[in-house]
Amino acid sequence: MANKPEKFIDENGLRLDGRAVDEMRPMTIEIGVLSRADGSCYLEWGKNKILAAVYGPRELHPRRMQKPDEAIVRYRYNMAAFSVEDRARPGPSRRSIEISKVSRDAFAPIIMTKYYPSAVIDVFAEVLQADAGTRTAAINAASIALADAGIPMKGLISACAVGKVDGQLVLDLSKDEDNYGNADLPIAMTQDGEISLLQMDGNLTKEEFKKALEMATEGCRQILEIQKEALKKKFESHEEVVKSLV
Ligand code: CDP
């Protein structure tokens, strides 16, 4: 692990990687990268690299696990062994089980499970390269993979984290800021601003918490635009194919 930097924010208000306090790392989204999945997405966010795949809705086996009036959603967050500096131990860990659970719950307000009784929708989020903020990056990718799979949803979910370094709130923590910072607040929300995931590490005052929520809301709004743009691009190219067929 790198040594703790003396200062995280310089006299010009810029962070170690040159970003302003309210600036996100660049994000790119590619849709439909896996031919065997019903929906998929490859997302890069700074140095984070995430692959998300969605399978379903399909009949759930064993049958005793089925819900007769709706589909169940399963979400698996996994870090590849080679995704972090020290090799990540393969298989589920307390951390990945927790992240999988809160991430699945983050999609509860939008996935219209009632349309598919007795079915299952499986979401896999594989972290290929980690650099802080992987749970939020995975949620952003999963949201797109779900849309690509044609799962009926009331909208998209967008997620980002706000943290505190050198006593200042910053959007989208980098690895060093996450390691040595004073707080980390990952948030996911619907496009209407309903919060569906909120976790917090460290301490914030009431005022800081309020400001952090505002910053995260603005961050999610920017991510939503990137997500919508990526979907529009894919949808438009499909529209052309459809037009050429008729
Ligand atoms: O990734 P996220 O910020 O959602 O979760 P975290 O538990 O706060 O982890 C922060 C970062 O620590 C990860 O993004 C990884 O870069 C790193 N990490 C690691 O190096 N080894 C692990 N076993 C877990 C996390």
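Observations concerning the overall build of the protein
Counting its secondary structure elements, the protein contains 4 helices and 10 strands. If you list the helices and strands of the protein from N to C, you get β-β-β-β-α-β-α-β-β-α-β-β-β-α. Here the protein has a C-alpha radius of gyration of 19 Å; the compact-globule value for 246 residues is 18 Å, and the two agree.

Some words on the pairing of strand E6 (residues 157-165)
With 9 of 9 residues buried, E6 is to be regarded as a mostly interior element. On E6, burial covers both faces: Ile157, Ala159, Ala161, Gly163 and Val165 on one face and Ser158, Cys160, Val162 and Lys164 on the other are all buried. What sits between E6 and strand E7 (residues 168-171) in their antiparallel hairpin is a turn of 2 residues, with aspartate 166 showing a positive phi close to 50°.

Topic: the site of the ligand
Inspection of the region around the ligand gives 14 residues, with Val84, Ala130, Ala132, Thr134 and Arg135 positioned closest. Of all the secondary-structure elements, those providing two or more residues to the shell around the ligand are helix H2 (134-148), helix H3 (175-180) and strand E8 (183-190). When grouped by side-chain class, the residues that make up the shell around the ligand number 5 nonpolar, 2 polar and 7 charged.

With respect to the nonpolar core
Here is a general trend for soluble globular proteins: nonpolar side chains tend to be buried in one another's company. Counting residues in hydrophobic clusters, the biggest one holds 69 residues, and the most contacted among them are Ala52, Val123, Ala138, Ala141 and Ala145. Looking at this core element by element, the count peaks at 9 residues for H2. In contact with valine 123, not counting residues within four places along its chain, are Ala52, Val54, Val73, Arg74, Tyr75, Ala142, Ala145 and Leu146.

Some details on H2
Compared with an ideal rise of 1.5 Å per residue, which puts 15 residues at 21 Å, H2 spans 21 Å between its outermost C-alpha atoms and is within 8% of the ideal. With respect to burial, H2 is a largely interior element, 15 of its 15 residues being buried. Looking one or two residues beyond H2, the residue adopting positive phi is glycine 150, at roughly 75°.

Structural notes on helix H1 (residues 94-106)
Its 13 residues place the ends of H1 18 Å apart at the C-alpha level, agreeing with the 18 Å of an ideal helix rising 1.5 Å per residue. For H1, the full list of buried residues reads Ile99, Ser100, Ser103, Arg104 and Ala106. Looking down the long axis of H1, one finds its buried residues gathered within 150° of arc, a one-sided arrangement. Among the exposed residues of H1, those pointing more than 90 degrees away from its buried face are Arg94, Ile97 and Lys101. Buried positions along H1 lie against strand E4 (72-79), H2, E6, E8 and strand E9 (195-198).

Considering the pairing of strand E2 (residues 39-45)
Where burial is concerned, most of E2 is hidden: 6 out of the 7 residues are buried. Across 5 bridges, strand E1 (residues 27-31) lies against E2 in antiparallel orientation. Counted as the bridge partner of methionine 27 is tryptophan 45 from E2. In this sheet, strand E3 (residues 48-59) lies alongside E2 in antiparallel orientation, the contact comprising 7 bridges. Bridge pairing in E3 places tryptophan 45 opposite asparagine 48.

A word on the environment of isoleucine 187
Mapped onto the secondary structure, isoleucine 187 falls in strand E8. The exposure class assigned to isoleucine 187 is buried, which follows from the 25 C-beta atoms found within 10 Å. Excluding residues within four positions of it along the chain, isoleucine 187 makes contact with Ala159, Cys160, Ala161, Ile195, Leu197, Leu198 and Ala216.

Conventions used here
Residues numbered from 1 in each chain as written. Predicted model: local features only at pLDDT ≥ 70, side-chain atom pairs only at ≥ 80, totals over all residues. Helix = DSSP H or I, 4+ residues; strand = E, 2+ residues; numbered from the N terminus. Rg over C-alpha atoms; globule rule 2.2 N^0.38 Å. Buried ≥ 20, exposed ≤ 12 C-beta atoms within 10 Å, placed from the backbone. Pairing = 2+ DSSP bridges. Near = placed C-beta within 6 Å. Nonpolar A, V, L, I, M, F, W, Y, C, P; charged D, E, K, R; others polar. Core = buried A, V, L, I, M, F, W, Y, C linked by C-beta atoms within 7 Å. Contact = placed C-beta atoms within 7 Å. Expected span 1.5 Å × (residues − 1). Arc of directions from axis to C-beta.

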